[in-house]
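Each chain, letter by letter, is given below.
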Amino acid sequence: DGGITQSPKYLFRKEGQNVTLSCEQNLNHDAMYWYRQDPGQGLRLIYYSQIVNDFQKGDIAEGYSVSREKKESFPLTVTSAQKNPTAFYLCASSIDSQYSNQPQHFGDGTRLSIL
Amino acid sequence: GNSVTQMEGPVTLSEEAFLTINCTYTATGYPSLFWYVQYPGEGLQLLLKATKADDKGSNKGFEATYRKETTSFHLEKGSVQVSDSAVYFCALRGSAGGTSYGKLTFGQGTILTVHP
């Protein structure tokens, strides 16, 4: 079955440590996205990528970094510069961001907590 | 910029009750509108969508109509079930030519709890 796989499901970070969240899709989608979800709030866009080797900052990119070396993969690194990283992180993909009527498909998320 | 406002929750209903979750938006041009559902501990699933004015999206008994004149996309279901308990998100995707082109803007989510 095609879909988006995020790993791990739960992740713990120590102070001053970088961690990387994995996102893989086998839907052959061009565009991929990372969102952050906090309790009682909607999703906020961190980074997005429309094609391989290209990505743009979203609304809350500070303290995060991404890469897009392969079409299928869009890992997110939460750096030590992100002072409040505890949240639920969701990865999404869509066929082509040029067509606004195409929905985004989401993975099951990674919950990051600070030790 | 674009924005989405959902009715505040949580919403608590008895099984077989009628559900309405209000959603209004602000956007330039002609955005596409979506409702997503999130079950506990999971990601978001697309529930329904509408891409132009007066379109009605429907799925699993849920419906929403794209009303450009009132900039609304309210979610309705005639008879809810316990299994409908989840968080519901209204979202819009900017139309071509705008600064928010291609991005999803979400409302804050509405928690629905249905009791037997």
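The present account deals with the structure reproduced in this document. (Residues numbered from 1 in each chain as written. Chains lettered and ligands numbered in written order. Predicted model: local features only at pLDDT ≥ 70, side-chain atom pairs only at ≥ 80, totals over all residues. Heavy atoms only, no water.)

## Some remarks on the sheet that holds strand β8 (residues 62–65) of chain B
Two strands in a sheet stick together by hydrogen bonds in their backbones, pointing the same way (parallel) or opposite ways (antiparallel).
Residue and element names in this part refer to chain B.
Right, on to step 1. Pairing is antiparallel across the open sheet formed by 4 strands, whose spatial order is β3-β9-β8-β7. Only two strands of the sheet have a single partner each, and these edge strands are β3 (19–21) and β7 (56–59). Shown here is a sheet whose adjacent strand axes are inclined to one another by a mean of 15 degrees, direction ignored.
Right, on to step 2. Summarising the sheet, β8 and strand β9 (residues 75–77) pair through 3 bridges and their orientation is antiparallel. Considered in β9, the bridge of F62 is made with K77. (Pairing = 2+ DSSP bridges. Helix = DSSP H or I, 4+ residues; strand = E, 2+ residues; numbered from the N terminus. Axes fitted to C-alpha atoms, helices over the stretch in contact; angles between N-to-C directions.)

## Structural notes on the pairing of strand β5 (residues 32–38) of chain B
Residues and elements named next belong to chain B.
Right, on to step 1. For β5, the tally of buried residues reaches 7 of 7 residues, placing the bulk of the element in the interior.
Right, on to step 2. Residues S32, F34, Y36 and Q38 point to one face of β5 and L33, W35 and V37 to the other, with burial holding for every one of them.
Right, on to step 3. Note: β5 against strand β10 (residues 86–93), 7 bridges, orientation antiparallel. If you follow W35 over to β10, its bridge partner there is C90.
Right, on to step 4. With 6 bridges joining them, β5 and strand β6 (residues 44–50) adopt antiparallel strand pairing. The residue of β6 that forms the bridge with Q38 is L44.
Right, on to step 5. What sits between β5 and β6 in their antiparallel hairpin is a turn of 5 residues, with G41 showing a positive phi close to 75 degrees. (Buried < 20%, exposed > 50% of the residue type's maximum accessible area, 1.4 Å probe, protein only.)

## What about the sheet that holds strand β8 (residues 76–78) of chain A?
Residue and element names in this part refer to chain A.
Right, on to step 1. With respect to topology, 4 strands assemble into an open sheet ordered β1-β3-β8-β7, the strand pairing being antiparallel. A single partner strand is all that each edge strand has here, and the edge strands are β1 (4–7) and β7 (64–66). In this sheet, adjacent strand axes meet at a mean angle of 20 degrees when their direction is disregarded.
Right, on to step 2. As defined by bridge partners, strand β3 (residues 19–25) adjoins β8 across 3 bridges and the pair is classed as antiparallel. The residue bridging T20 from the neighbouring strand is T77, located in β8.

## Observations regarding the packing of aromatic side chains
Right, on to step 1. In the structure shown here, the tally under the stated rule is 13 aromatic pairs over all chains.
Right, on to step 2. Ring centres 6.4 Å apart and planes at 25 degrees place the aromatic pair Y33 of chain A and Y35 of chain A in the stacked group. Summarising the burial analysis for this pair, Y33 of chain A and Y35 of chain A share the class buried.
Right, on to step 3. An angle of 40 degrees between the planes, with centres 6.2 Å apart, marks the rings of F34 of chain B and Y36 of chain B as tilted.
Right, on to step 4. Using a relative accessible area of 0% as the deciding quantity, one classes F34 of chain B as buried.
Right, on to step 5. Put simply, the rings of Y33, Y35, Y48 and F106 of chain A together with F34, Y36, F89 and F106 of chain B touch in pairs and so form one group of aromatic residues. (Phe/Tyr/Trp six-rings, centres within 6.5 Å; stacked < 30°, edge-to-face > 60°.)

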